[in-house]
Amino acid sequence: MAEFDLVVRGGTVVTAADKARCDVGIRDGRVVALAEGLPKGKREIDATDRLVLPGGIDSHVHIEQKGSYGITSSDDFFTGTRSALFGGNTTVMPFAAQHKGQGLRQVVEAYRDLATPKAVCDYAFHLIVSDPTEQVLGQELPALIKDGFTSFKVFMTYDLMKLDDGQMLDVLSVARREGALVMVHAENHEVIKWITKRLLDRGHRAPKYHAISHARLAEGEATHRAIVLSELMDTPMLIVHVSAELAMNAIRDAQTRGLKVYGETCPQYLFLTAQDIDKPGLEGAKFCCSPPPRDEASQEAMWRGLENGTFQLFSSDHAPYRFDETAKLSKGPNAHFREIPPGMPGVEARAALLFSEGVRTGRIDIHRFVELNSTNAAKIYGLFPRKGTIAIGSDADIAIWEPDLERTITWDDLHDNVGYTPYEGKKVTGWPTIVIRRGEVVIEGGELHAERGSGAFLPCSTPEPARPRGRFTPEMDPARNFGAQLVE
Ligand code: URP
Ligand code: ZN
Ligand code: ZN
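Residues numbered from 1 in each chain as written. Chains lettered and ligands numbered in written order. Predicted model: local features only at pLDDT ≥ 70, side-chain atom pairs only at ≥ 80, totals over all residues. Heavy atoms only, no water.

Structural notes on the overall build of the protein chain
Move 1: Helix and strand content of the protein chain: 13 helices and 19 strands.
Move 2: Evaluated residue by residue, the protein chain yields a buried proportion of 62% over its 488 residues.
Move 3: Within the protein chain, residue pairs in contact and separated by at least 24 positions form 77% of the contacts whose partners lie at least 6 positions apart.
Move 4: Accessible area for the protein chain stands at about 17,800 Å²; split by element, carbon and sulfur atoms hold 49% of it. (Helix = DSSP H or I, 4+ residues; strand = E, 2+ residues; numbered from the N terminus. Buried < 20%, exposed > 50% of the residue type's maximum accessible area, 1.4 Å probe, protein only. Contact = heavy atoms within 4.5 Å. Areas by Shrake-Rupley, 256 points an atom, 1.4 Å probe, with all protein chains shown as cover.)

Next comes the structure, spelled out in structure tokens:
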């Protein structure tokens, strides 16, 4: 047997399905052996008493991206992916965001040009489709899907981004035909706009009114409507960043009816509430995101959804905006809540928060953690089995966790460019201290050992939900899927 480049020795290797005390042999960036007592490698890492887990995949991050309010997020592809690595992630999935009037191909090339010289972890792109012209639907999207951009997000709110229901059906029909996955930001635009106007008319300007304007009913209604469109088109759909129980229940109900509807929630909906937005002055702006954190009952509901499988994905929705005039305060010190770009950082703390409050408390087991942290994203977005597991032939993307390490989260110890963390002062137990990316030890001893630009671009194949299963075809259920038949 040829020599290993690296052997991770004596740890507890855990995947979504299995757990074994064994060594991991790595050669040419891939896992080539899993066994006890492997021969010595060129390099050895002692993982005794530690957990050897697949590198995290944070499948919803905004990096160097012009956002829904026209402000560019504060992490570039170096700082954002560096922060990801320090949090035990080896892959992130940012967005190539189309704004109205832009061609999609040109947008993708611009984001790839930003990422190539800077990224230090691997990355695949989702698209954001905000202008589904005939050219986009008929030519650019199909061609980009073939090139490995197999998931795209659409918005039901935000003036700059929103699609109407007909446009959503158009996008869904392309996804159906080409085998891609549509991700939906589900909030009812008109409801938010109506409440916002009345709040502002009455002089309610503070950040806390952001949460009031983004009512949970608005999220619940839009989630239900999006699912109706998905059912009509007989096409899978993922509802991203779910915060409200009403929305979660709509997803659960669709799944119970056998629809391929998937759900994602995020740390801010487990660990923060609308109370955090109610801070003096504009301080609450740091906690404004859409949908907003809700209340403790909603937190409990989101945990339930992670435990019972309603949510397949746990992503940070890292949408980093500095608390200064470049981002959160770009409209000045007297900005009202509608002028604060929504979003908060979380890529570095995401996995540790879930491990500490999920696994250590017994809410989820370690295998469910691995699924939520890594495997499900790889499967759902078409990166599995190259990514998302520790198996022979997979990329050697590994995070070595110290399960008993106690840390207090503070921004001074993080590696993003944001200047604050919404989790300041939160105590967690368990943190990944060694991170291996395609066989290279990139985080060790609290230091980054990766060259700028060494992160690899990952084309995605057809997402697992979009692969035909031979069920729910128009022929089998003509009453339900007639929308799909109209585009056959
Ligand atoms: O408030 C949020 N989540 N900002 C990021 C953009 C988005 O909608 O995902
Ligand atoms: Zn969104
Ligand atoms: Zn987002």
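That covers the picture; the talk isn't over yet.
Brief notes about the site of ligand 1
Move 1: Taken together, 13 residues form the shell around ligand 1, and within it Lys-153, His-185, Ser-290, Asp-317 and Pro-342 come nearest.
Move 2: At 2.7 Å from an oxygen atom of ligand 1 is found a main-chain nitrogen or oxygen belonging to Ser-290.
Move 3: At 2.7 Å from a nitrogen atom of ligand 1 is found a side-chain nitrogen or oxygen belonging to Asp-317.
Move 4: If ligand 1 stood free it would expose 270 Å²; the protein chains cover 97% of that surface.
Move 5: Residues of the shell around ligand 1, tallied by class, amount to five nonpolar, six polar and two charged. (Near = heavy atom within 4 Å. Polar contact = N/O pair within 3.5 Å; in protein donor to acceptor, adjacent residues only side chain to side chain. Nonpolar A, V, L, I, M, F, W, Y, C, P; charged D, E, K, R; others polar.)

What to know about the coordination of the zinc ion (ligand 2)
Move 1: Around the zinc ion (ligand 2), the protein contributes the donor atoms Lys-153 (NZ), His-185 (ND1) and His-241 (NE2), at 2.0 to 2.1 Å from the metal centre.
Move 2: In the primary sequence, the donor residues of the zinc ion (ligand 2) line up as K-x31-H-x55-H.
Move 3: The distance between the zinc ion (ligand 2) and the zinc ion (ligand 3) comes to 4.1 Å. Of the two residues, Lys-153 is situated in strand β11 (residues 151–155) and His-185 in strand β12 (residues 181–185); the sequence distance between them amounts to 32 residues. (Donors = N, O, S within 2.8 Å, 3.2 Å for Na, K, Ca; no water.)

Regarding the nonpolar core
Move 1: If you look at the biggest cluster of nonpolar residues, it comprises 132 residues, and the most contacted ones within it are Phe-152, Val-184, Ile-239 and Phe-369.
Move 2: Residue contributions to this core peak at seven residues, all from helix α12 (residues 366–380).
Move 3: Dropping the residues within four chain positions of it, Phe-369 is found in contact with Leu-53, Ala-351, Leu-354, Phe-355, Val-359, Ile-364 and Trp-401.
Move 4: Counting 17 residues, the second-largest nonpolar core is a separate cluster that includes Val-13, Cys-22, Val-31 and Val-52. (Core = buried A, V, L, I, M, F, W, Y, C linked by side-chain atoms within 4.5 Å.)

Points about the packing of helix α2 (residues 104–115) against helix α3 (residues 134–146)
Move 1: The geometry of α2 relative to α3 is characterised by a closest axis approach of 9 Å and an angle of 35 degrees between their N-to-C directions. Facing α2, whose interface residues are Leu-104, Arg-105 and Val-108, α3 presents Val-136, Glu-140, Leu-141, Ala-143 and Leu-144.
Move 2: Looking at side-chain class alone, the contact of α2 with α3 contains six nonpolar, no polar and two charged residues. (Axes fitted to C-alpha atoms, helices over the stretch in contact; angles between N-to-C directions.)

Considering the pattern of salt bridges
Move 1: Applying the stated rule across the entire model yields 35 salt bridges.
Move 2: Its salt-bridge partner being Arg-350, residue Asp-58 comes within 3.6 Å of it at the nearest N-O pair. With Asp-58 in strand β6 (residues 56–58) and Arg-350 in helix α11 (residues 350–359), this residue pair connects regions lying 292 residues apart in the sequence. A single burial state applies to Asp-58 and to Arg-350, both of which are buried.
Move 3: Among the salt bridges present, the one from Arg-257 reaches Asp-253, with a minimum N-O distance of 3.5 Å.
Move 4: Classification of Asp-253 by relative accessible area gives partly exposed; the value is 42%.
Move 5: Salt bridges linked by common partners bring Asp-122, Arg-386, Lys-387, Asp-395, Asp-397 and Arg-438 together as one network. (Salt bridge = Lys/Arg side-chain N within 4 Å of Asp/Glu carboxyl O.)

Observations regarding the sheet that holds strand β8 (residues 95–97)
Move 1: Strand order in the open sheet formed by seven strands is β8-β10-β11-β12-β13-β14-β15, and the pairing between neighbours is parallel. Only two strands of the sheet have a single partner each, and these edge strands are β8 and β15 (313–314).
Move 2: Packed on one face of the sheet, helix α7 (residues 216–233) meets β12, β13 (237–239) and β14 (261–265) and runs near 170 degrees to β13.
Move 3: Relative to β14, helix α8 (residues 245–256) is tilted by about 150 degrees, and along the sheet it contacts β13 and β14. (Pairing = 2+ DSSP bridges.)

Quick notes on the coordination of the zinc ion (ligand 3)
Move 1: Protein-derived coordination of the zinc ion (ligand 3) comes from His-60 (NE2), His-62 (NE2) and Asp-317 (OD), at a distance range of 2.0 to 2.1 Å.
Move 2: Each of the four donor atoms around the zinc ion (ligand 3) contributes to a set of angles spanning 91 to 128 degrees, which defines the coordination as tetrahedral.
Move 3: For His-62, a relative accessible area of 10% translates into the label buried. (Tetrahedral: all angles 85-135°; square planar, octahedral: opposite > 155°, others 65-115°.)

Re the environment of Leu-144
Move 1: Residue placement: Leu-144 occurs in helix α3.
Move 2: In the structure, Leu-144 is positioned 40 residues away from Leu-104 in sequence and 8.5 Å away in space, judged by C-alpha atoms.
Move 3: For Leu-144, the residues in contact, after removing those within four places along its chain, are Leu-104, Arg-105, Val-108, Leu-127 and Phe-149.

Let's talk about the packing of aromatic side chains
Move 1: Considering all chains together, one arrives at 14 aromatic pairs under this definition.
Move 2: In this structure an aromatic cluster arises from ring pairing among Phe-77, Tyr-111, Tyr-123, Phe-125, Phe-149 and Phe-457.
Move 3: Between the NZ or CZ atom of Arg-112 and the centre of the ring of Phe-457, over which it lies, the distance is 3.7 Å.
Move 4: Directly above the ring of Phe-78 sits Arg-452, whose terminal nitrogen or CZ lies 3.9 Å from the centroid. (Phe/Tyr/Trp six-rings, centres within 6.5 Å; stacked < 30°, edge-to-face > 60°. Lys NZ or Arg CZ within 6 Å of the ring centre and 35° of its normal.)

Regarding the sheet that holds strand β7 (residues 89–92)
Move 1: In space, the three strands of this open sheet follow the order β6-β7-β9, with parallel pairing throughout. Looking at strand neighbours, the two that pair on one side only are β6 and β9 (122–123), the edges of this open sheet.
Move 2: Here two bridges tie β7 to β9, and the two strands are oriented parallel to one another. Across the sheet, residue Val-92 finds its bridge partner in β9, namely Tyr-123.

What about the packing of α7 against α8?
Move 1: Look at α7 against α8: their axes get within 7 Å of each other, and the N-to-C directions meet at 20 degrees. By the angle between their axes, α7 is roughly parallel relative to α8. The handedness of the crossing between α7 and α8 is right-handed. Touching Arg-216, Leu-217, Glu-219, Gly-220, Thr-223, His-224 and Ile-227 of α7 are Leu-246, Ala-247, Ala-250, Ile-251 and Ala-254, all from α8.
Move 2: Class assignment of the residues belonging to the contact of α7 with α8 gives a composition of seven nonpolar, three polar and two charged. (Parallel < 35°, antiparallel > 145°, perpendicular 65-115°, else oblique. Left-handed = near helix turned anticlockwise from the far one by under 90°.)

Some points on the pairing of strand β3 (residues 30–35)
The side chains of a regular strand alternate, first on one face of the sheet and then on the other.
Move 1: As paired elements, strand β2 (residues 19–27) and β3 share five bridges and run antiparallel to each other. Looking at the pairing, Gly-25 lines up with Ala-33 of β3.
Move 2: Taken together, β2 and the strand that follows it, β3, pair antiparallel across an intervening segment of two residues, in which Asp-28 is found at a positive phi of about 50 degrees.

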